[in-house]
Amino acid sequence: MEKQPETILDLVKEIYDEWDFKSDEDFINDVKEKNADDFAIRLHNGIGRQIRNDYGLWKGDTPLYNYCKSIGLEHPDDMSHRILMELHKYATEQLNNKN
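Before going into details, it helps to say that this report is about the structure given with it. Quantities reported herein were computed from a predicted structural model and do not represent experimental measurements.

About the thresholds
Residues numbered from 1 in each chain as written. Predicted model: local features only at pLDDT ≥ 70, side-chain atom pairs only at ≥ 80, totals over all residues. Heavy atoms only, no water. Buried < 20%, exposed > 50% of the residue type's maximum accessible area, 1.4 Å probe, protein only. Helix = DSSP H or I, 4+ residues; strand = E, 2+ residues; numbered from the N terminus. Arc of directions from axis to C-beta. Polar contact = N/O pair within 3.5 Å; in protein donor to acceptor, adjacent residues only side chain to side chain. Axes fitted to C-alpha atoms, helices over the stretch in contact; angles between N-to-C directions. Parallel < 35°, antiparallel > 145°, perpendicular 65-115°, else oblique. Left-handed = near helix turned anticlockwise from the far one by under 90°. Contact = heavy atoms within 4.5 Å. Expected span 1.5 Å × (residues − 1). Bend = angle between axes of the 7 residues up to and from the residue.

1. So, helix α2 (residues 25-33)
Here is step 1 of the chain: Within α2 the residues assigned to the buried category are Phe27, Ile28, Asp30 and Val31. Down the axis of α2, the buried side of the element spans an arc of 160°, and every buried residue falls inside it. Within α2, the exposed residues directed more than 90 degrees away from the buried face are Glu25, Asp26, Lys32 and Glu33.
Here is step 2 of the chain: For α2, the capping residue at the N-terminal end is aspartate 24, with a side-chain oxygen 3.0 Å from the backbone nitrogen of aspartate 26.

Set out below in C-alpha cells:
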C-alpha cells in the first residue's frame, strides 16, 4: 500500500500536485472567486467525497483520520471540509506566488 498522508497539509500538497489543479481553469476561478468556506461547500459532494473515500476518512484508523481526530474533527464530513478549506488556502498561496 502506498504511503498515506499523515496531516492535512501533506494531503493538500499531494492532491494539488497530483490532481493537477494548477492548470484547471474552473478550479482556479473557484479559488479566486470564493472564500474558503464557500469553496469547501461547493466541492463537498465531488472532491470532498473522493477525499473521504480515497483517504479512509469513513473507515477510520488511518494516519490522516487520526490526525484529524487529534485536532478536534470528529466526523468525516468535517474532516473533508477542513481539508478543502486548507486546499483553498494553499492554492491561493500558490497562485499568488505565481504572479
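2. A short note on unusual backbone geometry
Here is step 1 of the chain: Positive phi outside glycine occurs at aspartate 20, with the angle close to 55°.
Here is step 2 of the chain: Tracing the chain through its elements places aspartate 20 in the loop between α1 (8-18) and α2.
Here is step 3 of the chain: Residue aspartate 61 is not a glycine yet carries a positive backbone phi of 55°.

3. Remarks on the packing of helix α3 (residues 36-54) against helix α5 (residues 76-98)
Here is step 1 of the chain: Relative orientation of the contacting elements α3 and α5 amounts to 120°, with a least axis distance of 8 Å. Put simply, α3 runs oblique to α5. Relative to α5, the crossing made by α3 is right-handed. In contact with Ala36, Asp37, Phe39, Ala40, Ile41, Leu43, His44, Ile47, Gly48, Ile51 and Arg52 of α3, α5 contributes Pro76, Asp77, Ser80, His81, Ile83, Leu84, Met85, Leu87 and His88.

4. Concerning α3
Here is step 1 of the chain: A rise of 1.5 Å per residue sets the reference length of α3, with its 19 residues, at 27 Å; its end C-alpha atoms lie only 22 Å apart and thus fall more than 12% short of the reference.
Here is step 2 of the chain: At histidine 44, α3 shows its strongest bend, of approximately 80°.
Here is step 3 of the chain: Where α3 is concerned, the buried positions are Phe39, Ala40, Leu43, Ile47, Gly48, Ile51 and Arg52.
Here is step 4 of the chain: Where the residues of α3 are buried, they touch α1, α2 and α5.
Here is step 5 of the chain: Of the residues trailing α3, glycine 56 is marked for its positive phi of about 70°.

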